[in-house]
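One-letter residues, chain by chain:
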Amino acid sequence: ALVKGGADAVLCETIFDTLNAKAALYACDAAMAAVGREVPVMLSFTVADAQGRILSGQTIEAFIASVQGRNLLSVGLNCSFGASKMEPFLRELSDLTSCYISAYPNAGLPDAMGQYDQTPAMMAADIARFAARGVVNIVGGCCGSTPEHIAAIAETVKDFAPREVKPKQSAWLAGLDTLE
């Protein structure tokens, strides 16, 4: 329905398992074939621990190796632990892939009442740190983000240059870890 209805892109997000990601990508391909219209596909996953593994146990590198055969517009991180803890994972991701990198974190972590602890200014400042280092192309907000958060992020990053996309030339395979 999204492709048929004129969507500009399809985003498969909050991926925490590679097989689910591959199923979602297959579904995108099948939908586009059925409609006879192709749109760019974006993929965003979430890390589950401080080592950067997704919930099913794969490293970021192994996850990217597992989906790298698909022509993606972007790959990135969403949710996770908030923007302040995303940067090391985004730097790693930036070194691994030749597509655009997205980042749209939570507005911090929710408290016992389900309220997120980062103000728009705090979240924008965290995102500005990795945007200034040129490791992202697309930024935004996930859980707890409000229109005020998005406005603050847009204003804060508007003058930063986006990440330069560089082709990756080697063959690599993956299970839980990678083999190049």
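Everything discussed here concerns the structure shown above.
Residues numbered from 1 in each chain as written. Predicted model: local features only at pLDDT ≥ 70, side-chain atom pairs only at ≥ 80, totals over all residues. Heavy atoms only, no water.

Glancing now at the sheet that holds strand β5 (residues 138-139). The strands making up a sheet associate through hydrogen bonds between their backbones, and the pairing can be parallel or antiparallel. One open sheet accounts for five strands, arranged β1-β2-β3-β4-β5; its pairing is parallel. Only two strands of the sheet have a single neighbouring strand rather than two, namely β1 (10-15) and β5. In the sheet, strand β3 (residues 74-79) pairs with strand β4 (residues 100-105) via six bridges, with the strands oriented parallel. Pairing of S74 across the sheet is with Y100, part of β4. Helix α3 (residues 87-96) rests against β2 (41-45), β3 and β4 of the sheet, and its axis sits at about 165° to β4. (Pairing = 2+ DSSP bridges. Helix = DSSP H or I, 4+ residues; strand = E, 2+ residues; numbered from the N terminus. Contact = heavy atoms within 4.5 Å. Axes fitted to C-alpha atoms, helices over the stretch in contact; angles between N-to-C directions.)

We now examine the packing of helix α4 (residues 120-132) against helix α5 (residues 147-157). For the pair α4 and α5, interaxial distance at closest approach is 8 Å and the crossing angle is 35°. The hand of the α4/α5 crossing is right-handed. Across the interface between the two elements, P120, M123, A124, I127, A128 and A131 of α4 pack against E148, H149, A152, I153, T156 and V157 of α5. Looking at the contact of α4 with α5 residue by residue, the class counts come to nine nonpolar, two polar and one charged. (Left-handed = near helix turned anticlockwise from the far one by under 90°. Nonpolar A, V, L, I, M, F, W, Y, C, P; charged D, E, K, R; others polar.)

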